[in-house]
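Below, each chain spelled out in residue letters.
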Amino acid sequence: MNTSNPFLISGYQSPNEFCDRESETDRIREAIHNGRNLTLISWRRMGKTGLIHHTFHLMGKEKDLSFFYVDLLPTLSLADFIREFSKAVIGKLDSPTSKIIKK
Ligand SMILES: Nc1ncnc2c1ncn2[C@@H]1O[C@H](COP(=O)(O)OP(=O)(O)O)[C@@H](O)[C@H]1O
Ligand SMILES: [Mg+2]
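Residues numbered from 1 in each chain as written. Chains lettered and ligands numbered in written order. Predicted model: local features only at pLDDT ≥ 70, side-chain atom pairs only at ≥ 80, totals over all residues. Heavy atoms only, no water.

A. Structural detail: the pattern of salt bridges. On inspection of all chains with the given rule, the structure shows six salt bridges. Among the salt bridges present, the one from Glu62 reaches Arg29, with a minimum N-O distance of 3.5 Å. Here Arg29 lies in helix α1 (residues 22-33) and Glu62 lies in the loop between α2 (48-59) and α3 (78-90), a separation of 33 residues in the sequence. Relative accessible area serves as the criterion here: at 24%, Arg29 is assigned to the partly exposed category. If you follow the salt bridges from partner to partner, you end up with Asp26, Arg29 and Glu62 in one network. (Salt bridge = Lys/Arg side-chain N within 4 Å of Asp/Glu carboxyl O. Helix = DSSP H or I, 4+ residues; strand = E, 2+ residues; numbered from the N terminus. Buried < 20%, exposed > 50% of the residue type's maximum accessible area, 1.4 Å probe, protein only.)

B. Quick peek at α2. Taking 1.5 Å per residue, 12 residues should reach 16 Å; α2 reaches 17 Å between its end C-alpha atoms and fits that length. Of all the positions in α2, only Gly50, Leu51, His54, Thr55 and Met59 are classed as buried. One face of α2 carries all of its buried residues, which in axial projection span an arc of 155°. Against α1 lie the buried residues of α2. (Expected span 1.5 Å × (residues − 1). Arc of directions from axis to C-beta. Contact = heavy atoms within 4.5 Å.)

C. Up close: the packing of α1 against α2. The geometry of α1 relative to α2 is characterised by a closest axis approach of 10 Å and an angle of 65° between their N-to-C directions. Like other packed secondary-structure pairs, α1 and α2 cross with a definite hand, here right-handed. Across the interface between the two elements, Glu24, Thr25, Ile28, Arg29, Ile32 and His33 from α1 touch Leu51, His54, Thr55, Phe56, Leu58 and Met59 from α2. Classifying every residue of the contact of α1 with α2 by side-chain character gives six nonpolar, four polar and two charged. (Axes fitted to C-alpha atoms, helices over the stretch in contact; angles between N-to-C directions. Left-handed = near helix turned anticlockwise from the far one by under 90°. Nonpolar A, V, L, I, M, F, W, Y, C, P; charged D, E, K, R; others polar.)

D. Geometry of the site of ligand 1. The local shell around ligand 1 holds 15 residues, among which Cys19, Arg45, Lys48, Thr49 and Gly50 are the closest. In this structure, Met46 approaches ligand 1 through a main-chain N or O atom, which is 3.2 Å from an oxygen atom. Taking Thr49, its side chain carries an N or O atom lying 2.8 Å from an oxygen atom of ligand 1. When the free accessible area of ligand 1 is taken as 560 Å², the share hidden by the protein chains comes to 80%. Most atoms of ligand 1, that is more than half of them, are within 2 Å of grid points of the largest pocket. (Near = heavy atom within 4 Å. Polar contact = N/O pair within 3.5 Å; in protein donor to acceptor, adjacent residues only side chain to side chain. Areas by Shrake-Rupley, 256 points an atom, 1.4 Å probe, with all protein chains shown as cover. 1 Å grid on protein atoms, 1.4 Å probe; cavity = no way out; pocket = protein on both sides within 12 Å on 5 of 7 lines; lining within 4 Å. Sits in = over half its atoms within 2 Å of the grid points.)

By themselves, these observations are geometric and do not establish any function.
See the structure below:
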């Protein structure tokens, strides 16, 4: 990251800029390994999204796992849902050609 501000105000960069949350990260990891659904509830800007991205980043190297982040808040219909869901999944596929084919 090329800004001079060490305090991020948006998005997730890397574990270097992410503080603490070790036990929370472990709990999410454990839920994923055990196939459990999990709900994070807090006021906004408490770090839910960051925590999810952080856990995905740390677990990203584990084999047989793929991670997709989909924000469903702006979806108002099944068509919206399908568009957002496929955008998230297809966006992760490797080559532009395979993206077009899958779409
Ligand atoms: N553990 C953390 N260490 C450093 N910055 C954090 C941490 N958790 C959240 N942030 C920062 O705080 C801001 C709000 O976090 P965010 O995950 O978007 O909150 P929420 O999803 O709960 O609204 C973001 O800029 C994020 O980068
Ligand atoms: Mg959020």
